[in-house]
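Each chain, letter by letter, is given below.
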Amino acid sequence: DDQIERERVSQRLSGGCCALAAVYLMGKFYVANAGDSRAIIIRNGEIIPMSREFTPETERQRLQFLAFLRPELLGKEFTHLEFPRRIQPKELGKKMLYRDQTMNGWAYKKIEEDDLKFPLIYGEGKKARVMATIGVTRGLGDHDLKVFSSNIHIKPFLSCFPEVRVYDLTQYEHCPDDVLVLGTDGLWDVTNDKEVAGVVMEVLTSYEPNDPCRYTMVAQELVVRSRGVLKERGWRLPNDKLGSGDDISVFVIPLGGPGNYT
């Protein structure tokens, strides 16, 4: 992240990206995630999560705590408190549900002038945004990202530090159908873990266990199914829902060696 910051002037590059890495070392997989990509292991049909997404919702308390400690980062335009909806000026003096950086649940407070400011975190699910701008809270770059039509920098709220999970391959016997799947949010936006596992098993069983291209074909099938088919109303999945409009990158890595098995 520091290197990107140093090079952004000389290379004239802006923007940022998420990062998901898997390192194999001495019998263990180390999976590091910074952003909203995802990794899962499929072992004997069981799904084992190897990462979690970092979004305004999942990191709400970290973001609110930083804003509480350093209110100057909010530019006098935002509040670190969260409310179920935007507050209207006519609601001043009334009571409304809210929560801060210390709370998991909700409580009531009397609405004050400062509460009319735009919330630091606004929206739900994939629509949640930090300062109405960005939907991921960890990654690399974005050093120049600002709130629209303002001089408020968002970078202080974005962390480049990944969460690392470890999987010990020596603790289990793995067959050629056991895999580690790495995918960007373009895959997971439209496909859940169970559906991915279903595609993995469906494609792998159509190839011989010793066929090395079987894993590439799984990755290709996951990309194709997530994009959907181009129709008059855009890219559509078989259930007629919108296909992924984001970039889709998928790696399928075998955990077990080749061999004949039943």
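Everything quoted here is computed from the prediction, not taken from an experiment. Every residue gets a number counted from 1 within its own chain, in the order that chain's sequence is written. The predicted nature of this model means local features are confined to residues of pLDDT at least 70 and side-chain atom pairs, given and counted, to a pLDDT of 80 or more, with totals for whole chains, interfaces and linings taken over all residues. Side-chain numbers come from the whole structure's heavy atoms, not from hydrogens or water.

Description of the overall build of the protein
Inference 1: Counting its secondary structure elements, the protein contains 5 helices and 17 strands.
Inference 2: Taking the principal axes of its C-alpha atoms as reference, the protein extends roughly 70 × 45 × 40 Å.
Inference 3: Accessible area is worked out with a 1.4 Å probe on protein chains only. A residue is then buried under 20% of its type maximum, exposed over 50%, and partly exposed in between. Expressed as a percentage of its 262 residues, the buried residues of the protein come to 42%.
Inference 4: This count recognises Lys and Arg as positive and Asp and Glu as negative, with His and chain-terminal groups excluded. The atom standing in for a charge is NZ when the residue is Lys, CZ when it is Arg, CG when it is Asp and CD when it is Glu. Seen as two clouds, the 35 positive and the 38 negative side-chain charges of the protein have centres 7 Å apart. Only DSSP runs of H or I reaching four residues or more are called helices, and only runs of E reaching two or more are called strands; each is numbered from the N terminus.

Points about the nonpolar core
Inference 1: By convention a nonpolar core is built from buried Ala, Val, Leu, Ile, Met, Phe, Trp, Tyr and Cys residues, the set being connected through side-chain atoms within 4.5 Å. With 19 residues, the main nonpolar core has Val179, Val181, Val196, Val200, Leu222, Val250 and Val252 as its most contacted residues.
Inference 2: Elements with a contribution of two residues or more to this core: strand E4 (38-43), strand E14 (179-183), helix H3 (185-188), helix H4 (193-204), helix H5 (214-227) and strand E17 (250-254).
Inference 3: Looking at which element gives the most residues to this core, the answer is H4, with 6 residues.
Inference 4: Any pair of residues with heavy atoms lying within 4.5 Å of one another is described as a contacting pair. When residues no more than four places from it in sequence are discounted, the contact partners of Val196 are Ile40, Val181, Leu187, Trp188, Thr191 and Leu222.

Things to note about the sheet that holds strand E5 (residues 46-49)
Inference 1: Read from one edge to the other, the open sheet built from 4 strands follows the order E5-E4-E14-E17, with strand pairing classed as antiparallel. The sheet is open, and its two edges are formed by E5 and E17, each paired on a single side. Going from strand to strand, the sheet's axes swing by 20° on average, the running direction of each strand aside.
Inference 2: Pairing between two strands is assigned when DSSP locates at least 2 bridges connecting them. The pairing of E14 with E17 spans 5 bridges and is classified as antiparallel. From the neighbouring strand, Gly183 faces E17, where its bridge partner is Val250.
Inference 3: Every axis in this analysis is a line fitted to C-alpha atoms, fitted for helices over the stretch in contact. Angles between the N-to-C directions lie between 0 and 180 degrees. Contacting E4, E5 and E14, H4 runs over the sheet at an angle of about 50° to E4.
Inference 4: In the packing of H5 onto the sheet, the strands contacted are E14 and E17, and the crossing angle to E17 comes to about 150°.

As for the pairing of strand E7 (residues 95-98)
Side chains on a regular strand alternate between the two faces of the sheet.
Inference 1: The alternating pattern of E7 places Met96 and Tyr98 on a buried face and Lys95 and Leu97 on a face that is not buried.
Inference 2: Bridge count for E7 against strand E8 (residues 107-110) is 4 bridges, and the pairing is antiparallel. Within E8, the position partnered with Leu97 by the bridge is Tyr108.

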